[in-house]
Structures are given as C-alpha cells and as structure tokens.
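Next come the chains, spelled out residue by residue.
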Amino acid sequence: VMVVPPIPVIFVGGVTGEWRIERIAPVRGESLPSAARLARIEGTSPPPSGVWTLRGTTSNERYVTRAEKEALRAAQPVLGRSESTRAALIPVRKSAAWWELAQDERRQILEERSRHVSLGLRYLPAIARRLYHCRDMGEPFDFLTWFEYAEDDAKRFEELVAELRRSPEWEFVEREVDVRLAR
Ligand code: HEM
C-alpha cells in the first residue's frame, strides 16, 4: 500500500515485530523499559500492544541546502534491503536552549560546526535512514531516528554515532536512548 507523505509511524517495544531487540542503552537521561522485540509500523495499520510505544511522523527537511538535498538523494539507499540485518532506533530529545535558537543558529550548529550532514553523507549508501519528528505530538522525544545496515557495516555505524555524540550539536541533547536490533 502506498502511503502519501507525511508518513506516520509507531514503534512498539514488546513481544512481536520484525526486529529482535539486542540491547537498550540510555545514552543521556532516562532509558526505555526492556522488551524482546520491536515493531515499526508506518501508515495507519493498528499497532500491536506492547511495553512501550513511540509515535512520530516523517516531515519536510528543515536545514539542508539544495546541494545537500541533491547529494543525499543521489546517495541514500532505501529501507528494507535484505542485507540490512542490523538496525538502530535512537530517540532523541533536545534542550530548551536548542529550541530557543533561531533557524539560522541551529543550522550553524548542525552543519557548519558539527558537520552532521557532510559526515553522515560519507556513510551512504551503507546506512539507510529515516528521520521521524514528534516534538509537537506530546511525545517524550523530539525525534525518532531509524537506521538499517549490514552486519559488516556495524563497526562503521559505531564510528559515526561516536563522532556525532562528540559534536557541538550533541551538547543540546538532553535525552537519548540507543536501541539496537537484529533480524
Ligand atoms: C547515516 C548518516 C546520516 C545522515 C546522512 C544524516 C543526515 C541528516 C540530515 C540531512 C538531517 C537534517 C534534516 C533536515 O534538514 O531537517 C539530519 C537530522 C538529524 N539526524 Fe542525522 N544523519 C545521519 C546519521 C545520524 C545518526 C547516527 C543520528 C543519531 C545518533 C542522527 C540524528 C539526527 C537527528 C536527531 C536529527 C534531527 C536534528 C534536528 O532537526 O535538530 N543522524 N540528519
């Protein structure tokens, strides 16, 4: 079934779903309860019940330039590749200080100071990704970030995550949980 953007998503941690939960690690702030499996449901299908549920939606991009948008479009792979047997769900909440900044100041931190986009582009097409927003939905996080990759690229993904967490942008992260998955 084709779903027209913006695409709603529900992540359910519980006993059903395509992904086996390998670990749930709090990076900053409160963790999420442990669960055995994760379901990622896009669109309007009814979600299974579970231990925890996180909701979000795809949206328009906020920060990328035309050149970055084209570079991303050219390099980014689709989700659901058969070789993508590893995945990460990383919910992130940013601080009030971040949200009080102006758009140009946030862009400055995200890219000119932290190189989020240019750094991330170096990991394409190994990593497939989707960004969901949930700040305006009364959810505990601002973003639900989703990544899929092959087992052979797991080490590279760790490098990328570690580098982003050392960046100035991450000084504005006040809650982050790292959920790692396999299928
Ligand atoms: C795999 C390579 C990656 C690429 C190519 C990439 C690219 C991007 C881009 C282009 C945006 C901005 C979208 C916009 O204009 O609104 C973005 C936002 C974001 N990314 Fe990444 N990213 C990558 C990896 C990661 C990783 C590993 C994490 C988490 C550890 C992450 C967390 C986020 C978050 C939380 C946002 C939203 C930031 C905000 O709007 O304040 N990204 N990413």
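Residues numbered from 1 in each chain as written. Predicted model: local features only at pLDDT ≥ 70, side-chain atom pairs only at ≥ 80, totals over all residues. Heavy atoms only, no water.

J.: I keep staring at the side chain of Thr58 and nothing clicks. Help me out?
T.: Mapped onto the secondary structure, Thr58 falls in the loop between β4 (52–57) and α1 (66–75). Classification of Thr58 by relative accessible area gives buried; the value is 11%. Within the structure, the side chain of Thr58 is placed 2.7 Å from the backbone nitrogen of Ile7, a separation counted as a polar contact. Residue contacts for Thr58: discarding those within four places in its chain leaves Pro6, Ile7, Arg130, Leu131 and Tyr132. (Helix = DSSP H or I, 4+ residues; strand = E, 2+ residues; numbered from the N terminus. Buried < 20%, exposed > 50% of the residue type's maximum accessible area, 1.4 Å probe, protein only. Polar contact = N/O pair within 3.5 Å; in protein donor to acceptor, adjacent residues only side chain to side chain. Contact = heavy atoms within 4.5 Å.)

J.: How should I be thinking about the pairing of strand β5 (residues 86–94) in this particular structure?
T.: It is a general feature of regular strands that their side chains alternate between the two faces of the sheet. Within β5, seven of the nine residues are buried, which leaves the element mostly enclosed by the surrounding structure. As paired strands, β5 and strand β7 (residues 143–149) are joined by seven bridges and run antiparallel to one another. Directly across from Ala88, in β7, lies its bridge partner Phe147. Across seven bridges, β5 lies against strand β8 (residues 173–182) in antiparallel orientation. (Pairing = 2+ DSSP bridges.)

J.: What am I meant to see in the packing of aromatic side chains here?
T.: The relation between two aromatic rings is expressed through the spacing of the ring centres and the mutual angle of the planes. Scanning the model with the defined rule gives seven aromatic pairs in all. Look at Trp19 and Trp146: their rings are 5.7 Å apart centre to centre, the planes differ by 75°, and that puts the pair in the edge-to-face class. Taken as a pair, Trp19 in strand β2 (residues 19–28) and Trp146 in strand β7 lie far apart in primary sequence, 127 residues in all. When the centroid spacing of 4.6 Å and the interplanar angle of 25° are considered together, the rings of Tyr149 and Phe157 count as stacked. Of the two residues, Tyr149 and Phe157, both sit in the buried class. In this arrangement the basic side chain of Lys94 is found over the ring face of Trp98, its NZ or CZ atom lying 3.6 Å from the centre. (Phe/Tyr/Trp six-rings, centres within 6.5 Å; stacked < 30°, edge-to-face > 60°. Lys NZ or Arg CZ within 6 Å of the ring centre and 35° of its normal.)

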